[in-house]
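# Residue-level structure breakdown
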Amino acid sequence: MKVKMLLAVFLLLAICSNSYAQDTTAEGDTTAISVDSLRLPAPPGNLSGRDKPNDHGHAIILDWELSPDDGGGSNSVLRYDIYKWVPQLMLDINLVRDSIIIIQKIIRKTTDGIEEGSQADSMLKVFSKFSKDELFDIRNRLTDHIKAENEGLAEASKSYPENGAWLFIDKKPSGTKTFDHIGSKEFKSKGFVPDYADLYYRVDAVTITGAKASSEIFGPIQSSGQWYNTYRTPVVFSVFLFTILTVFYVMRAKQGADLYVRPLGGIEAVDDAIGRATEMGRPILYVLGLGSAADIATIASFTILGRVAKKVAEYQTELLVPTYDPIVMTVAQEVVKSAYLDAGRPDAYKEDTVHFVTQSQFAYVAAVNGIMLRELPATNVYMGKFFAESLILAETGALAGSIQISGTDEIAQIPFFIVACDYTLIGEELYAASAYLGKDPVLLGSLKAQDYAKAAIIILAVIGVIVAQFDFGHYYVDLFEVVN
Amino acid sequence: MRREIPLIITTVAGLVFAVSYFIPHWPFGEAESIFGDWVAIIQAFAIWLGALNLVKVSLEKIYRKKEDALYAGIIIVCLLLTIAVGFYDGFTGGPQSSFRDTGTSFDWIYRFVYTPLTSTMFAMLAFFVASASYRAFRARNFEATLLLIAGFFVMGGRVPLFHLLLKPFTDVPYFSEFAGWIMAYPLTAGMTAIMIGIALGIMSSSLRIILGIERSHIGGGA
């Protein structure tokens, strides 16, 4: 087995060496300015570059002056070709990367994009002789090989201009004066740009006939990642101020301050709705939506579910919770079980109260609609993330004659719920519900902070409207600008 | 410890995510993809939990001869049949094919059973929109009347019929312009206000969860 694998690697390297020899010849042709019967364009000038700021690294921004023949002179420049000098080691690594791609294709049983007779086809024929397990082994060894070789890229790049070649990166239309070379941070990727390695660039002006004129070579330059994204400073300040505000009101609440929170109709109606279901002897249907357990809306919904389940346990009513996501199901089961325990009725908890349906959106809707029409629940509660299914669910619930309470942070779905449900928690009210339900002063303190933050935003917006009328208005706007 | 360990994990994961938003440098910049991989792995295992739960609940319904036992039976049959067809295609298709390839029986189920059923459910939305619109546009109070008027102008501006009716009098697409104004200003203003509220709500909830103030999601009171 080992001999076979060594043979494979040997064959691979043999193929790679041959193909590389062809590649470098081709590159050599492009490096030299082609002799064209027509006049060569003037080259782009003053090529410069800088590390892309506020990023994770692996990226360089290039700037140049337009060729005099771009938009002027003979006006013959069609595009700019951008080249990067790479050491021989990088070229070798790229070929190993190609072979890994071929192995992946064989493992996935696909030959898409491989032309007959090509270098990739030769590799395909070599690797097709191996079993799947052997291919996995070869792939892992080659990946380790790339990882180890990448360590030497910074050193290898110091050999410029020896032992390397110019690689074409991208092309830009005439009139372009800048290019962001965003390399991949993934060492297994062919577009990988190593940080802290010397990089050299060149930009060629190209005419419609293919005549090229190269700029002066720019380099060395190194890319690196930053430890702080200055573009996001306004967010840092906002989060900092909001945290201080929250801690302040939480502490005030702990000291016994009486904090008023406006009533939420939808939440106040929950108790009445559960009472109604008890009187009618019908179940309560609780829908957590299509969100995952990582969505804040779903987490808020868990809190409300806990409250509903506790009341249901006290009133001895039936609760139905069909779920879309298996992780949400597991968490919801735990929440409901704890609520029954808190209510002193652990014996009343049934394992199938919270059950999984499907992870297909409309199949889930069909199942929930079926439950609504068969079980005729007295109350339907929709809390969490909802998408196109919101109206189908809510309208079916309305047809079934159920009292409906909904809440979502999906703006596009809020109108549908408002139309079809009796009570709707709009956006932030869904998050406030958990604090409101608990009546815990500490949680109410955080709600108070939220209210004051909203007041601050309104004041800042009004100031913005006034300031925008003056020339210096953009300074104010710039204070809040966040670049992602 | 049953509550403390999840709380510690939540706090650490929450803080790492919050910090990684401001630090692009490795390893913080990779936090999302690293955690994303973990979630994908957990999700892959969790689907088994879901499937087993579905089978258990359905079998119980059949065993207890509940009213909807027939549907539970259909679920079990469809589930097993789809799995069997997938395995059959996987084993008989040869080394260069997958059970999901075009032309396989599994693909047939997907294209001619699953897709039409899904499309049918989605198409029902059109009828529900009509009934919901009727309910929404009944001018019962001031807000509903305002909605009716706004809806009239927006719909009028989005269909060529209204423009055609005005054609003998003017070439200016007044309806279209007014609909555009409603969408660009009052609607955007309202939506932005809700979005700001949602953003603050998310921030406040996240803080409560990270600080361990709110813990109801791990099965306990706040």
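Let me sum up the structure you'll find in this document.

Calculation criteria
Residues numbered from 1 in each chain as written. Chains lettered and ligands numbered in written order. Predicted model: local features only at pLDDT ≥ 70, side-chain atom pairs only at ≥ 80, totals over all residues. Heavy atoms only, no water. Helix = DSSP H or I, 4+ residues; strand = E, 2+ residues; numbered from the N terminus. Rg over C-alpha atoms; globule rule 2.2 N^0.38 Å. Buried < 20%, exposed > 50% of the residue type's maximum accessible area, 1.4 Å probe, protein only. Contact = heavy atoms within 4.5 Å. Areas by Shrake-Rupley, 256 points an atom, 1.4 Å probe, with all protein chains shown as cover. Lys, Arg positive; Asp, Glu negative; His and termini not counted. Charge placed at Lys NZ, Arg CZ, Asp CG, Glu CD. Pairing = 2+ DSSP bridges. Axes fitted to C-alpha atoms, helices over the stretch in contact; angles between N-to-C directions.

## What about the overall build of chain A?
Within chain A, the secondary structure is distributed over 15 helices and 14 strands. For 484 residues, the compact-globule formula gives about 23 Å, and the C-alpha radius of gyration of chain A, at 32 Å, lies well above that figure. Here the C-alpha coordinates of chain A stretch approximately 90 × 70 × 45 Å along the principal axes. With 484 residues in all, chain A has 49% of them scored as buried. Pairs at least 24 residues apart make up 73% of the contacts formed inside chain A by residues separated by at least 6 positions. Looking at chain A as shown, the accessible area adds up to about 22,400 Å², and 57% of this sits on carbon and sulfur atoms. Each charge sign in chain A was given a centre, from 43 positive and 59 negative side chains, and these centres are 4 Å apart.

## Side note on the pairing of strand 5 (residues 178-182) of chain A
All names here are of chain A. By the alternation rule, side chains of strand 5 split into Phe 179 and His 181, which are all buried, and Thr 178, Asp 180 and Ile 182, of which none is buried. Pairing of strand 2 (residues 59-65) with strand 5 involves five bridges; the strand directions are antiparallel. Counterpart to Ile 60 in the pairing with strand 5 is His 181.

## Side note on the environment of Leu 264 of chain A
Residues and elements named next belong to chain A. Mapped onto the secondary structure, Leu 264 falls in the loop between helix 6 (233-254) and helix 7 (265-280). For the pair formed by Leu 264 and Tyr 423, sequence separation is 159 residues and the distance between their alpha carbons is 9.6 Å. Apart from residues lying up to four places away in sequence, Leu 264 is in contact with Leu 425, Glu 429, Ala 432, Ala 433 and Tyr 436.

## Some remarks on the sheet that holds strand 1 (residues 45-51) of chain A
All names here are of chain A. Spatial ordering of the open sheet is given by 1-2-5, a layout of three strands whose pairing is antiparallel. With one partner strand each, in any of the chains shown, strand 1 and strand 5 form the two edges of the open sheet. Averaged over all neighbouring strand pairs, the angle between strand axes comes to 20°, with direction disregarded.

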